[in-house]
Amino acid sequence: NLTLNNGLAVSAYIDTNFHQSQTEIVTHFGKKSRGALAFSQSALFRAPKRRQELEAHVRSNPNDLSSKHPRIVTRPDIGRPQ
């Protein structure tokens, strides 16, 4: 799984390199000398579809960029100082 930040980076790369195949994009990120990413073509296929959701989440929770899954608060009243 990609972190939120990596997912956005992959989506941005796809936007600027739309002529490349999925295999070429996965290979590009896997062979980077710094910060290589290992992910499947199916993860790559899902990345653009989730882009708006990821961008909205990052705008509302900028500290979550390094997390792999968005944190969902179901009970905001628990854990807050009274």
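For the structure itself, look to the data block above.
Quick look at the structure, then.

Cut-offs applied
Residues numbered from 1 in each chain as written. Predicted model: local features only at pLDDT ≥ 70, side-chain atom pairs only at ≥ 80, totals over all residues. Heavy atoms only, no water. Buried < 20%, exposed > 50% of the residue type's maximum accessible area, 1.4 Å probe, protein only. Helix = DSSP H or I, 4+ residues; strand = E, 2+ residues; numbered from the N terminus. Arc of directions from axis to C-beta. Contact = heavy atoms within 4.5 Å. Phe/Tyr/Trp six-rings, centres within 6.5 Å; stacked < 30°, edge-to-face > 60°. Expected span 1.5 Å × (residues − 1). Core = buried A, V, L, I, M, F, W, Y, C linked by side-chain atoms within 4.5 Å. Axes fitted to C-alpha atoms, helices over the stretch in contact; angles between N-to-C directions. Parallel < 35°, antiparallel > 145°, perpendicular 65-115°, else oblique. Left-handed = near helix turned anticlockwise from the far one by under 90°.

Where helix α2 (residues 22-30) is concerned, the buried positions are I25, V26 and F29. End-on, the buried residues of α2 take up no more than an arc of 95°, which puts them together on one face. Against α1 (4-16) and α3 (41-46) lie the buried residues of α2.

Across all of its chains, the model carries two aromatic pairs by this definition. Centre to centre, the rings of Y13 and F29 are 5.1 Å apart; their planes meet at 75°, and the pair counts as edge-to-face. Taken together, the positions of Y13 in helix α1 and F29 in helix α2 put the pair 16 residues apart, joining distant regions of the chain. Comparing Y13 with F29 shows no difference in burial state: the two are buried.

So, on to α1. For α1, spanning 13 residues, the distance from its first C-alpha to its last is 19 Å, which sits close to the expected 18 Å at 1.5 Å a residue. Every buried residue of α1 is accounted for by L4, G7, L8, V10, S11, Y13 and I14. Turning to α1, the residues buried within the fold contact α2, α3 and α4 (51-60).

Grouped together as the largest cluster of nonpolar side chains are twelve residues: L2, V10, Y13, I14, I25, V26, F29, L37, F39, A43, L44 and A47. For this core, the elements supplying multiple residues, two or more each, are α1, α2 and α3. In this structure, L44 is in contact with V10, I14, Q22, I25, V26 and F39, ignoring residues within four places of it in sequence.

A word on the packing of α1 against α4. Look at α1 against α4: their axes get within 10 Å of each other, and the N-to-C directions meet at 135°. When the axes of α1 and α4 are compared, the pair comes out oblique. Handedness of the α1/α4 crossing: left-handed. Counting all contacts with α1, which are made through L4, G7, L8, S11, A12 and D15, the residues of α4 involved are R51, L54, E55, H57 and V58.

So, about the environment of R51. You can see R51 is positioned in helix α4. Residue R51 is classed as partly exposed on the basis of its relative accessible area, which comes to 21%. Spatially, the C-alpha atoms of R51 and L4 are 9.5 Å apart, while their sequence positions differ by 47 residues. When near neighbours in sequence (up to four residues on either side) are disregarded, R51 contacts L8, S11, A12 and D15.

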